[in-house]
Amino acid sequence: MLKPTVGPILGHTTTNHTRIFLRGNSHKDALVFAGVRYRRTGEKRWSTGVFAKLDSSRDMCAVIALNDLAADTDYEYQAGWFSPMSPVHTVETVTELALQWPPPIHRFRTRSPRATRPRAYIVGSCRYLRMTAGIAIAPHLGDRIFASVSRLAEQADPPVSALLMTGDQIYVDDLNAIAPDREYKEILHKYRTAFSQPNIATLMSSLPTYMILDDHEIEDNWPANKSTCDEYLYANAISAYELYQASHGPAHELADNGQINTKLEKYWYQFTEGDIEWFVTDSRTRRNLSTDDRRILDDTQEQALCDWLVRSPARVKFVVTSVMFYPDRKRQGEDAWQAFPEQRLRLLETIRTQGIQNVFFISGDIHGSLTSRLTHSEDPDFEVHTIVSSPLCNSKMLPYANASTFILDQPLARTPAGDYRYELTGAVISQDNFAHLIVDAEQIRVSYHDRDGNLLQTTNIRLR
């Protein structure tokens, strides 16, 4: 067996289940299979391999699900791909072959069912890896920060449960004015290059990684900048996104055989850990820009989000939206929630009138990081927070956000029932960074670290 050409990437993980993405390669016209075997840490005997047939129509990629795992348990696994000599093998018959697995041993831990246990997460977005004529220019710059994330995760207490990548994991439109990528093979090559850099590959092989797209997975300010010839671009970009980002997340249901059902109905999804729940929205591909019903989320998704906010018993609710929920920007706010005030107000009114506590909006996009608190002039029980983390790696062509970027002297919204007002609860971080979130019984601690892992700022947000 050979090492994966991309991956393994550890995806959605629960108390008894995990998903592992990997890519092999074509081998003339022969059959190709990918496989994973695993065992509890400390055990000698490996499990029987779990295999998937690879196909060029899916860029030789597969996601393999491991089921019936023990909760709160350390596991190790090996992953690889091969082409058997016989052309009649199936995923069932290759389990009988004596295979020599690639030597790297990767590790993961299933989640604990304990509701009150402290949890930790890493959040980041906007990872710029400049590509020119298919070649990454100084790729170590775009990969450097992931070594720092790994070092923090190795030492963290409580252990880091997951990495949340909230948009712009790649830039399809890199150097868009000079040599735009539109072809499927070009976009696939960009994903392969971005996800196979050594530091991010090491990190994602052991830390469950959850992703959602933003505009640069397609085109800057999509779909506002969409032209009549962009349907071709969108089809290619979204197919590549489904393969490399959505495939190992919770948006995919399991088939009857316990493996991933490749049919995908939507990109937004939910997942739970103890008494913490996440709702990861698709705030990019379901937009309606018409003047009579402007929406950043489609009607079905908005209703699902509101139902979840009202009915979920979770103590802490994280809502991921790739573009910023608030604060509003002085300029260039037409791409974020600022341009969809009616829908934003409906969500806020749902949270306020239903008395929902401990709601946090997580986002990226702006190439700056911040925390902000939203209150209501006539309702002292209402409080919502945003946690913004961006960028993981900036381009020299793009400016960082700073405090002067935002409108800080006006209410977010005025209603007959009162005004929604916000304030920053820390400095705006204007450099490459990632966020480390710790949720305990009393508070959420948000710590921002620079690309070398140095602490930049910590904000403590009291839970209610």
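Everything that follows concerns the structure shown earlier in this document.
First, a word on what this report is: a plain description of the structure on this page. The model shown is predicted, which means the values in this text are computed figures rather than measured ones.

Conventions used here
Residues numbered from 1 in each chain as written. Predicted model: local features only at pLDDT ≥ 70, side-chain atom pairs only at ≥ 80, totals over all residues. Heavy atoms only, no water. Pairing = 2+ DSSP bridges. Helix = DSSP H or I, 4+ residues; strand = E, 2+ residues; numbered from the N terminus. Axes fitted to C-alpha atoms, helices over the stretch in contact; angles between N-to-C directions. Salt bridge = Lys/Arg side-chain N within 4 Å of Asp/Glu carboxyl O. Buried < 20%, exposed > 50% of the residue type's maximum accessible area, 1.4 Å probe, protein only. Polar contact = N/O pair within 3.5 Å; in protein donor to acceptor, adjacent residues only side chain to side chain. Contact = heavy atoms within 4.5 Å. Core = buried A, V, L, I, M, F, W, Y, C linked by side-chain atoms within 4.5 Å. Parallel < 35°, antiparallel > 145°, perpendicular 65-115°, else oblique. Left-handed = near helix turned anticlockwise from the far one by under 90°. Nonpolar A, V, L, I, M, F, W, Y, C, P; charged D, E, K, R; others polar.

1. Regarding the sheet that holds strand E5 (residues 61–66)
What the three strands build is an open sheet, ordered E1-E2-E5; its pairing is antiparallel. Two strands lie at the open edges of the sheet, namely strand E1 (6–13) and E5, each paired on one side alone. Between one strand and the next, the sheet's axes are offset by a mean angle of 20 degrees, whatever the strand orientation.

2. Things to note about the sheet that holds strand E22 (residues 443–450)
Across the sheet, six strands lie side by side as E12-E11-E8-E21-E22-E23; this open sheet has mixed pairing. Edge positions in the open sheet fall to strand E12 (209–211) and strand E23 (455–462), since each of these has one partner strand only. The sheet shows a mean angle of 20 degrees between the axes of neighbouring strands, direction not considered. Where E22 and E23 come together, seven bridges link them in antiparallel fashion. By the bridge assignment for E23, Val 446 is matched with Thr 459.

3. A closer look at the pattern of salt bridges
Scanning all chains against the criterion turns up 31 salt bridges. Of the charged contacts, one joins Arg 39 and Glu 76 as a salt bridge, the two residues approaching to 2.6 Å between their closest N and O atoms. Here the residue Arg 39 occupies a position in strand E3 (residues 33–40), and Glu 76 occupies one in strand E6 (residues 74–82), the gap between them amounting to 37 residues. By the burial criterion, Arg 39 is buried, and Glu 76 matches it. Across the salt bridge formed by Glu 76 and Arg 107, the nearest N and O atoms sit 3.6 Å from each other. Placement of the pair is Glu 76 in strand E6 and Arg 107 in strand E7 (residues 106–109), with a sequence separation of 31 residues. Residues joined by salt bridges that share partners form a network here, namely Asp 293, Arg 295, Asp 299, Glu 302 and Arg 346.

4. Description of the environment of Asp 29
With respect to the helices and strands, the residue Asp 29 is situated in the loop between strand E2 (18–23) and E3. Asp 29 sits in the exposed class, given a relative accessible area of 82%. As for Asp 29 and Trp 268, which are separated by 239 residues in sequence, their C-alpha atoms are 36 Å apart.

5. Focus: the side chain of His 376
Along the polypeptide, His 376 turns up in strand E17 (residues 370–376). For His 376, the side chain forms a polar contact with the main-chain nitrogen of Glu 378, separated by 3.1 Å. Here the side chain of His 376 touches Asp 379 through a polar contact of 3.3 Å, landing on its backbone nitrogen. Setting aside anything within four residues of it in sequence, one finds His 376 in contact with Arg 352, Phe 382, Thr 415, Ala 417, Gly 418, Asp 419 and Tyr 420.

6. A short note on helix H1 (residues 139–155)
It helps to recall that an α-helix has 3.6 residues per turn; residues three or four apart then point in one direction. Within H1, burial applies to Gly 142, Asp 143, Ile 145, Phe 146, Ala 147, Ser 148, Val 149, Ser 150 and Leu 152. Residues of H1 that are buried sit in contact with strand E8 (119–124), strand E11 (160–165), helix H3 (198–204), strand E21 (433–439) and E22.

7. Remarks on the pairing of E5
Of all six residues in E5, six are buried; the element is thus mostly enclosed. Burial along E5 is two-sided: Cys 61, Val 63 and Ala 65 facing one way and Ala 62, Ile 64 and Leu 66 facing the other are all buried.

8. Regarding the nonpolar core
By size, the foremost hydrophobic cluster in this structure holds 73 residues, and its most contacted members are Phe 195, Tyr 244, Trp 278 and Phe 318. Broken down by element, the residue count for this core peaks at eight residues, all from helix H4 (residues 231–246). Discounting chain neighbours no more than four positions away, the residues touching Trp 278 are Tyr 121, Leu 164, Tyr 269, Gln 270, Phe 271, Trp 308, Phe 318, Val 320 and Ile 362. One finds Val 319, Leu 348, Ile 351 and Phe 361 within the second-largest nonpolar core, a separate group that totals 30 residues.

9. Brief notes about the packing of helix H5 (residues 299–311) against helix H6 (residues 341–353)
In the contact formed by H5 and H6, the axes pass within 10 Å of each other and the chain directions differ by 20 degrees. Our classification of the angle between H5 and H6 gives roughly parallel. Both H5 and H6 take part in a crossing whose hand is right-handed. Of the residues in H6, those touching H5 at Glu 302, Leu 305, Cys 306, Leu 309 and Val 310 are Gln 343, Arg 346, Leu 347, Thr 350 and Ile 351. Class assignment for the residues of the contact of H5 with H6 results in six nonpolar, two polar and two charged.

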